[in-house]
Amino acid sequence: MIKPILVFGYGNLSRGDDALGPLLLEHIEGHCCLDDIELLNDFQLQIEHALDLENRALVLFIDASVACEDAFDFALLEPARDKSYTTHAMSPAAVLAVYQSIKNQAPPPCFLLSIKAEKLELGEGLSAQASGNLELACAFAMQLLKKPDLKTWQKQINQPS
Amino acid sequence: MYEHLETAKNQENLKRVVVDPVSRVEGHGKVTLLLDADNKVQQARLHIVEFRGFERFIQGRPYWELPVLVQRLCGICPVSHHLAAAKAIDQLVGVDPENLPVSADKLRRLLHFGQVLQSHALHFFHLSSPDLLFGFESDISKRSIIAVLAAYPDLGLQGVKLRKYGQEVIRMVSGKRIHGTSAIPGGVNKSLTKAERDYLLEDIDQMIAWSSASVTLIKKVHCSNLPYYDDFATIRTNYLGLTKPDGGLELYHGGLRAKNAEGETIMDHVDYGQYNDYIHEEVRSWTYMKFPYLLSMGKENGWYRVGPLARINNCDSINTPLAEAARVDFKAHSKEAMVHSTLAFHWARLIEILHCAESIKLLLNDPDIMGHDLVTQGEKRFEGVGVIEAPRGTLFHHYQVDENDIVTKANLIVSTTSNNMAMNESVRQVAAEYLSGRELTEPLLNNLEVAIRAYDPCLSCATHAMGKMPLQLELIDVEGKLIDKLVKHSSGHIERLAND
């Protein structure tokens, strides 16, 4: 049975602040009822992750971001042709575009919770600033998951800390 | 060869072009070109910003942590590091490969076939098919998986599902999508249940059919413009990889074999535990990447290629029928004993996808994968070497431990390092034969990236720092004045800031 809510945190636990996504997942796992929520963790996004969006009511991607201006940022995602072919990793918007291409339908409502990262070096732990950002993002995510419906989440867009 | 383009004379009189970063490769790489007043290429180099912190990351840890820990070295091929480390650690607990329980050996092989299948599927369908289907100099907006899905929906979907299937094999064998603990010192920690086996069997015939069709497609693409495909970025090299005792293709465990450009054997059935006696690494002043070479051939002539092309060139046969037929067909297209075309990496890669799919089916029908004799132990040793054929080529893990089981020394040779010299030579070939004397444009420069991408390099950086990967191309004249500038922003938007 596919659970209606997918929370997908991605990043590498051993690369400093890149661990923010997986660490937030760990927090949710320990503090949230998971009857309707599936938690998914991977190093980075790839084409096959489009198939994980099937039959979901709401999807929350969680990622570390050095481009984030505030402690965290919450945004609605739209499918986008990803012209920037950066590395093997894809952007969440590109994953949505893959879904749209292979399913011939719009993806479920997807949101991105970006948490501000500072350092992404192999073997490093979480930076002090990222640790504080994670705490704020955890509180925000718990609030989202307490009431997982589209309208409530839409109201939270662009309300950074 | 094109070694004369490694270092130009009178560099102060040359224009400098930088392609930074090279896209659709894992991690960070850049190409620099030095041009004279007539746009003739005088120097071409691929710089790979390789992180040499692997060893530091591993040293000081207890050895039993390594099979999980090393997966975090690379977000693209964690299973390859997991298995290479496990093979090295088997030796630390006194277990040689031939003494591993049969079920454990087969489950590790199943895991490895799943990994190679999903990695090759990602590379061909996602990273390379845009170039191969739309052309190397096509509009940049076409060169992505989204464009492939739009123009070739069936092919695009097959790529997604092949990749997904490989991931499902990994999940079933290791119990998790990532951070799995399948391989443990001396064996594996679980076998497949009948339900897991049946789940994977449901789709395997479809995967074989799609893999077979992909071989047909790449042959058609390659042979439709044979002179070009056989010439582009092509270099004559030595080849290194593992083979079975009978010389057959081997991805998990075998002896080291090297052949030269004429197909003559340089070494064969070498115990990889002695790799230090056969392979050395050279350091050059302009890059942090090392340049491995075969000691018997010397620094100048001993460099080699690894990966799918090397493996298909080196082996005498493949033990699955469809892949073997494809191998014979592949070799027949060349008039030489060895296929040197760099773009033939794609063809060889898809032959391996087919071999993996066939091998997965064979293993799924083998009752040993549901066996319960999974772990063995021997007498402790203080040194272990593990080598496998990772998707991109031969991967070496070498550890030494102390009395307290703490790793005191680690050495890794990853396949991208082995291909370092070859990628540089391919870049120089393309620069000399296709770019020299022409006005440089982004589509033209994509030719350089096509040459590099054929190797599927993994540049050891698994982070995905969004917003940090712009591409900037500058053309500076002999007086140092900027005369042309192309900027690709992280959004994908391209801006030309020319002649300002």
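S.K.: Is there a simple way to explain the overall build of chain B in this structure?
M.R.: In terms of helices and strands, chain B carries 15 helices and 19 strands. Per-residue burial over chain B gives 53% buried out of 500 residues. Sequence separation of 24 or more characterises 70% of the internal contacts of chain B that already satisfy a separation of 6 or more.

S.K.: Hey, could you run me through helix α11 (residues 321-332) of chain B in this one?
M.R.: In an α-helix, one turn spans 3.6 residues; hence positions three or four apart end up facing the same way. Across its 12 residues, α11 of chain B extends 17 Å between first and last C-alpha, which sits within 8% of the 16 Å expected from 1.5 Å per residue. Those residues of α11 of chain B that are buried are in contact with α7 (194-224), α10 (308-314) and α12 (344-364) of chain B.

S.K.: In this structure, what is going on with the sheet that holds strand β2 (residues 37-42) of chain A? I would like to understand it.
M.R.: Backbone-to-backbone hydrogen bonds join strands into a sheet, with any given pair of strands oriented parallel or antiparallel. All names here are of chain A. Judged by pairing direction, the sheet is mixed, and its five strands sit side by side in the order β2-β1-β3-β5-β4 without closing on themselves. Of all strands in the sheet, those bounded by a partner on one side alone are β2 and β4 (72-76). Neighbour to neighbour, the strand axes of the sheet diverge by 20° on average, direction disregarded. Note: strand β1 (residues 5-10) against strand β3 (residues 58-65), five bridges, orientation parallel. By the bridge assignment for β3, Ile5 is matched with Leu58. Along the sheet face, helix α3 (residues 128-146) touches β2, β3, β4 and β5 (110-116) and points at about 155° away from the line of β5.

S.K.: Looking at this structure, I do not really get the nonpolar core. What am I missing?
M.R.: Soluble globular proteins tend to bury their nonpolar side chains together. The biggest cluster of nonpolar side chains holds 127 residues, and the ones touching the most others in it are Leu110, Ile351 and Val427 of chain B. At 13 residues, α12 of chain B tops the list of elements feeding residues into this core. Two domains each provide a minimum of three residues to this core, namely domain 1 (3-49 + 419-496) and domain 2 (237-339) of chain B. Leu60, Leu96 and Ala117 of chain A together with Val160 of chain B belong to the second largest nonpolar core, which has 52 residues in total.

S.K.: Any chance you could explain the packing of α7 of chain B against α12 of chain B here in plain terms?
M.R.: When two helices pack together, you describe them by how their axes are tilted relative to each other and by the distance separating the axes. Residue and element names in this part refer to chain B. Relative to each other, α7 and α12 sit at 160°, their axes nearing to 8 Å. Between α7 and α12, the angle is such that the two are roughly antiparallel. Two packed elements cross with a definite hand, and for α7 against α12 that hand is left-handed. Here the residues of the contact of α7 with α12 are counted per class, giving 16 nonpolar, five polar and four charged.

S.K.: What is the right way to read the packing of helix α6 (residues 153-174) of chain B against α7 of chain B from this model?
M.R.: Residue and element names in this part refer to chain B. Look at α6 against α7: their axes get within 10 Å of each other, and the N-to-C directions meet at 150°. With respect to α7, the axis of α6 lies roughly antiparallel. Crossing geometry of α6 relative to α7 is assigned as left-handed. Listed contacts from α7 to Gln158, Leu162, Tyr165, Glu168, Val169 and Met172 of α6 are Glu196, Tyr199, Leu200, Asp203, Met207 and Trp210. Of the residues belonging to the contact of α6 with α7, the class tally is eight nonpolar, one polar and three charged.

S.K.: Please explain the domain arrangement of chain B as it appears in this structure.
M.R.: Buried accessible area, meaning the area lost when the parts come together, often serves as the stated size of an interface. Residue and element names in this part refer to chain B. Domain annotation of chain B identifies domain 1 (3-49 + 419-496) and domain 2 (237-339). Across the boundary between the two partners, domain 1 contributes eight residues, which contact nine residues of domain 2. If you list the elements that add at least two residues to the side of domain 1 that touches domain 2, you get β4 (41-48) and α14 (420-435). The residue makeup of the side of domain 1 that touches domain 2, split by class, is four nonpolar, three polar and one charged.

The rules we used
Residues numbered from 1 in each chain as written. Chains lettered and ligands numbered in written order. Predicted model: local features only at pLDDT ≥ 70, side-chain atom pairs only at ≥ 80, totals over all residues. Helix = DSSP H or I, 4+ residues; strand = E, 2+ residues; numbered from the N terminus. Buried ≥ 20, exposed ≤ 12 C-beta atoms within 10 Å, placed from the backbone. Contact = placed C-beta atoms within 7 Å. Expected span 1.5 Å × (residues − 1). Pairing = 2+ DSSP bridges. Axes fitted to C-alpha atoms, helices over the stretch in contact; angles between N-to-C directions. Core = buried A, V, L, I, M, F, W, Y, C linked by C-beta atoms within 7 Å. Domains from an automatic or database assignment. Parallel < 35°, antiparallel > 145°, perpendicular 65-115°, else oblique. Left-handed = near helix turned anticlockwise from the far one by under 90°. Nonpolar A, V, L, I, M, F, W, Y, C, P; charged D, E, K, R; others polar.

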